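A look at the structure
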Amino acid sequence: MKNIFVGNLDFNVVEDELRQLFEQFGHVDRVALMTDRVTGRSRGFAFVEMANVKEGEKAIAELDGSQFSGRTLHVNEARHKAERSGERSRGFDRGRSSKRIA
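Residues numbered from 1 in each chain as written. Predicted model: local features only at pLDDT ≥ 70, side-chain atom pairs only at ≥ 80, totals over all residues. Heavy atoms only, no water.

**Thoughts on unusual backbone geometry**
A positive phi angle is found at Asn-8, which is not glycine, with a value near 65°. Within the fold, Asn-8 resides in the loop between strand E1 (2-7) and helix H1 (15-23). Residue Ser-69 is not a glycine yet carries a positive backbone phi of 55°. As for its position among the elements, Ser-69 is in the loop between strand E4 (67-68) and strand E5 (71-72). (Helix = DSSP H or I, 4+ residues; strand = E, 2+ residues; numbered from the N terminus.)

In structure tokens:
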């Protein structure tokens, strides 16, 4: 399986359009268009999963730098999120020091 990052998307592009673009190169398992949690609007990037690695590599080679909906696409293999070190705060301190200045 090949997980592909697609950046610099026009904010009006929908998942079906992106699926059709990548299906030229092979079977697309999943398209995930990233949206803002509050507004629901596109954030201008997506992830595409293709079942066949060679087809995914061909899609990356052909589509990176190409024009789509008036924008130049940035297409490359998606990278895994880096592991975060330490535990996250529960939001109580909002990153401020726990020491008070008297």
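This is not the end of the story, as more comes after the structure.
**Quick look at the environment of Phe-47**
Examined against the element boundaries, Phe-47 turns out to sit in strand E3 (residues 42-50). The exposure class of Phe-47 is partly exposed, given its relative accessible area of 24%. Sequence-wise, Phe-47 and Arg-30 are 17 residues apart; in three dimensions their C-alpha atoms are separated by 8.1 Å. Residues contacting Phe-47, with those up to four places away along its chain left out, are Asn-3, Ile-4, Phe-5, Arg-30, Val-31, Ala-32, Met-34 and Ala-78. (Buried < 20%, exposed > 50% of the residue type's maximum accessible area, 1.4 Å probe, protein only. Contact = heavy atoms within 4.5 Å.)

**Things to note about the packing of aromatic side chains**
Counting across every chain of the model gives 3 aromatic pairs. Arranged with centres 5.9 Å apart and planes meeting at 35°, the rings of Phe-5 and Phe-45 form a pair that is tilted. One end of the pair, Phe-5, is in strand E1; the other, Phe-45, is in strand E3, and 40 residues separate them in sequence. Considering the side-chain rings of Phe-45 and Phe-47, the 6.0 Å spacing of their centres and the 90° angle between planes classify their relative orientation as edge-to-face. Ring pairs connect the aromatic residues Phe-5, Phe-45 and Phe-47, which therefore count as one cluster. The ring of Phe-11 carries the charged tip of Arg-71 above its face, separated from the ring centre by 5.9 Å. (Phe/Tyr/Trp six-rings, centres within 6.5 Å; stacked < 30°, edge-to-face > 60°. Lys NZ or Arg CZ within 6 Å of the ring centre and 35° of its normal.)

**Considering the pattern of salt bridges**
Under the criterion given, the structure shown has 4 salt bridges. A salt bridge links Lys-2 to Glu-57; the nearest nitrogen and oxygen atoms lie 3.5 Å apart. Taken together, the residues span a long stretch of sequence, with Lys-2 in strand E1 and Glu-57 in helix H2 (residues 53-63) at a distance of 55 residues. Of the residues examined, Lys-2 reaches a relative accessible area of 7% and is grouped as buried. (Salt bridge = Lys/Arg side-chain N within 4 Å of Asp/Glu carboxyl O.)

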